[in-house]
Amino acid sequence: QVQLVESGGGLVQPGGSLRLSCAVSGSIFSINAMGWFRKAPGKEREFVGSISRDGTITYYADAVKGRFTISRDNAKNTVWLQMNSLKPEDTAVYYCAAAQWETPQAMTRNRGMDYWGKGTLVTVSS
């Protein structure tokens, strides 16, 4: 009963920035942690970042730490992923995920996701 819809993907040059949004609808109170994952062509889906329900705790994959920032505003039913200093290696389909009960730490181990968006493509290229 929760739906996630990503937006904001597109083509960006290396070193550029992009902000992804995830609109959450349905049973909002059923959601605890939120996270972002990505899947590059020919590669396995990987964890990108996650955030606690109150937004005070965040986790990031080493590959994006210092460059990406995850945030949320429950009043707006929205989660964002601000991506800076983008690299060609960041090219992937980015997925928003939600956990009903699990913590954002669980998401770092690819566990706890109950709902997924359909993804938005991010292409980093000149």
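First things first, this report covers the structure right here in the doc.

Calculation criteria
Here the residue numbers are simple positions, counted from 1 along each chain's written sequence. A pLDDT threshold of at least 70 governs which residues receive local features in this predicted model, and a stricter bar of 80 or more applies before side-chain atom pairs are shown or counted, although totals over entire chains, interfaces and linings include all residues. Note: side-chain values were computed over all heavy atoms of the structure, leaving out hydrogens and water. Each aromatic pair joins two rings of Phe, Tyr and Trp (for Trp, the six-membered one) with centres within 6.5 Å, and gets the label stacked for planes under 30 degrees apart, edge-to-face for over 60, and tilted for any other angle. Secondary structure elements are defined from DSSP: runs of H or I of at least 4 residues count as helices, runs of E of at least 2 residues count as strands, and each element is numbered from the N terminus. Summary of the burial criterion: residues with accessible area below 20% of their type's maximum are buried, those above 50% are exposed, and those between are partly exposed, where the area comes from a 1.4 Å probe applied to protein chains only. Our definition puts a charge over a ring when NZ of Lys or CZ of Arg is within 6 Å of the ring centre and also within 35 degrees of the ring normal. The rule for a disulfide is simple: a pair of cysteine sulfur atoms within 2.5 Å. Whenever a carboxyl oxygen of Asp or Glu lies within 4 Å of a side-chain nitrogen of Lys or Arg, that contact is scored as a salt bridge.

Topic: the packing of aromatic side chains
Right, so step 1: Overall, the coordinates contain two aromatic pairs when judged by the stated rule.
Right, so step 2: Where Phe 37 meets Phe 47, the ring centres are 5.7 Å apart and the plane angle is 75 degrees; that geometry is what we call edge-to-face. Taken as a pair, Phe 37 in strand 4 (residues 34-39) and Phe 47 in strand 5 (residues 46-51) lie far apart in primary sequence, ten residues in all. Summarising the burial analysis for this pair, Phe 37 and Phe 47 share the class buried.
Right, so step 3: Aromatic rings pair up to connect Phe 37, Phe 47 and Trp 116 into one cluster.
Right, so step 4: For Arg 45, the ring lying beneath its charged end belongs to Phe 37, and the centroid distance is 5.6 Å.

Concerning the state of the cysteines
Right, so step 1: Within this structure, the stated rule accounts for one disulfide.
Right, so step 2: Across the disulfide from Cys 22 sits Cys 96; the S-S distance is 2.1 Å. Because the sign of the S-S torsion sets the handedness, a value of about -85 degrees for the bond joining Cys 22 and Cys 96 places this disulfide among the left-handed ones. Note that Cys 22 is positioned in strand 3 (residues 18-26) and Cys 96 in strand 9 (residues 92-98), a separation of 74 residues in sequence.
Right, so step 3: Judged by relative accessible area, which is 0%, Cys 22 ranks as buried.

Section: the pattern of salt bridges
Right, so step 1: Applying the stated criterion across every chain, the model contains three salt bridges.
Right, so step 2: Salt-bridge contacts for Glu 46 lead to Arg 38; the nearest nitrogen and oxygen are separated by 2.7 Å.
Right, so step 3: What makes Glu 46 partly exposed here is its relative accessible area of 28%.
Right, so step 4: Arg 38 sits in the buried class, given a relative accessible area of 5%.
Right, so step 5: With its nearest N and O atoms 2.8 Å apart, the salt bridge here joins Arg 38 to Asp 90. On the criterion of sequence distance, the pair formed by Arg 38 in strand 4 and Asp 90 in the loop between strand 8 (78-83) and strand 9 is long-range, its members being 52 residues apart.
Right, so step 6: When its relative accessible area of 1% is taken as the criterion, Asp 90 is described as buried.
Right, so step 7: Among the charged side chains, a network of salt bridges with common partners joins Arg 38, Glu 46, Arg 67 and Asp 90.

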